[in-house]
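Residue-level structural notes
Take a look at the letters that make up each chain.
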Amino acid sequence: QVQLVESGGGLVQVGGSLRLSCAASGITFSIYSMGWYRQAPGKQRELVATINFASTTNYANSVKGRFTISRDNAKNTVYLQMDGLQPEDTAVYYCNARYSTIPTIHDYWGQGTQVTVSS
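Residues numbered from 1 in each chain as written. Predicted model: local features only at pLDDT ≥ 70, side-chain atom pairs only at ≥ 80, totals over all residues. Heavy atoms only, no water.

Side note on the nonpolar core
- If you look at the biggest cluster of nonpolar residues, it comprises 30 residues, and the most contacted ones within it are Met34, Trp36, Val78, Leu80, Met82 and Tyr93.
- Every element with two or more residues in this core is listed here: β3 (18-25), β4 (33-39), β5 (46-51), β7 (67-72), β8 (77-82), β9 (91-101) and β11 (113-118).
- Residues in contact with Val78, not counting those within four places in the same chain, are Leu20, Ser21, Cys22, Phe29, Met34, Trp36, Ile51, Ile69, Ser70, Arg71 and Cys95. (Core = buried A, V, L, I, M, F, W, Y, C linked by side-chain atoms within 4.5 Å. Buried < 20%, exposed > 50% of the residue type's maximum accessible area, 1.4 Å probe, protein only. Helix = DSSP H or I, 4+ residues; strand = E, 2+ residues; numbered from the N terminus. Contact = heavy atoms within 4.5 Å.)

Re unusual backbone geometry
- The amide bond that connects Ile102 to the next residue, Pro103, takes the cis arrangement and shows omega of 5°.
- Here Pro103 shows up in the loop between β9 and β10 (104-109).
- Even without glycine at this site, Ser55 takes up a positive phi of about 65°.
- When you line up the elements, Ser55 lands in the loop between β5 and β6 (57-59).
- In this model, Asn76 sits at a positive phi of 50°, which is unusual for a non-glycine residue.

Written out as structure tokens, the structure is:
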């Protein structure tokens, strides 16, 4: 049974920082690409950052220079360090694990953690 459990969300003031964690179980974590996505009220879910098995990272333009994604394969955990938070970063943040072996895509999601940035 695959589980992705996010933690670290909360309420923070503008300019503050939060660190999200996502602990994975039931998968061979090291081979999975891991990602963080977010969904604000009334908006579609959007990509925030991804990190692949080789620790190559990719960021949405809106968070480049402020957010950092990292992974610890020994702990089966992916992190999202969020600095310089802005009200537009307010959303539910979801952890994603993805592995493709043609023709099968293994795709798993966490339950989400709320991040609220107050001004």
